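# Geometric and topological summary
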Amino acid sequence: AILDRSEKMLILMDEHYWKRLWCVFEIAAFYRRAGPQRMEIVPLHLPVLKLGVITCYMGMNYIQVAILKIPSLIGIGSTWWGLLLFNI
């Protein structure tokens, strides 16, 4: 009765979601009644993954700025600094 009256199903899915039989049954019942258009799945592990990717990206940008900009600011030249660090 509740599934018939629901306009939309929001599924907050974690790594254990599909191991619970009730969750699988509820999704199957809603899918049969309403179809996939009215279902929205939000994986809960993705925000952690996105945070990790953003942190790595920001860290790499920080390292790039340190390697390329700081030597020229203190007057030793970025070419010499690159040769020292990367053995180009």
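Residues numbered from 1 in each chain as written. Predicted model: local features only at pLDDT ≥ 70, side-chain atom pairs only at ≥ 80, totals over all residues. Heavy atoms only, no water.

### Overview of the overall build of the chain
The secondary structure content of the chain amounts to five helices and two strands. Secondary structure elements of the chain, listed N to C terminal, follow the sequence α-β-α-β-α-α-α. The proportion of buried residues among the 88 residues of the chain is 15%. Counted over contacts in the chain with a minimum sequence separation of 6, partners at least 24 positions apart contribute 48%. Total accessible area computed for the chain in this model is approximately 7500 Å², and 68% of it derives from carbon and sulfur atoms. (Helix = DSSP H or I, 4+ residues; strand = E, 2+ residues; numbered from the N terminus. Buried < 20%, exposed > 50% of the residue type's maximum accessible area, 1.4 Å probe, protein only. Contact = heavy atoms within 4.5 Å. Areas by Shrake-Rupley, 256 points an atom, 1.4 Å probe, with all protein chains shown as cover.)

### A closer look at the pairing of strand β2 (residues 39–43)
Sheet topology places strand β1 (residues 9–13) next to β2; five bridges connect them, and they run parallel. In the sheet register, L12 faces β2, and the bridge partner there is V42. In this region the chain leaves β1, passes through helix α2 (residues 21–34) and returns to the parallel neighbour β2; the handedness of that crossover is right-handed. (Pairing = 2+ DSSP bridges. Right-handed = clockwise from strand over helix to strand, strands pointing away.)

### Focus: the packing of aromatic side chains
Per the stated rule, a full pass over the model turns up two aromatic pairs. Consider the rings of Y17 and W18, whose centres lie 5.3 Å apart with planes at 85°: the pair is edge-to-face. With relative accessibility at 45%, the residue W18 sits in the partly exposed group. With 5.5 Å between their ring centres and 40° between their planes, W22 and F25 make a pair best called tilted. Linking W22 with F25, this pair stays in helix α2, spanning three residues, or about one helical turn. Relative accessible area serves as the criterion here: at 57%, W22 is assigned to the exposed category. (Phe/Tyr/Trp six-rings, centres within 6.5 Å; stacked < 30°, edge-to-face > 60°.)

### A closer look at α2
Spanning 14 residues, α2 covers 20 Å between terminal C-alpha atoms, matching the ideal 20 Å at 1.5 Å per step. After α2 finishes, the residue G35 shows a positive phi value of roughly 90°. (Expected span 1.5 Å × (residues − 1).)

### Some words on the confidence of the model for the chain
With 75% of its residues at a pLDDT of 70 or more, the chain shows a mean pLDDT of 78. When pLDDT is averaged over each element of the chain, α2 comes out on top at 90 and helix α5 (residues 78–86) at the bottom at 55. (pLDDT = per-residue confidence, 0-100.)

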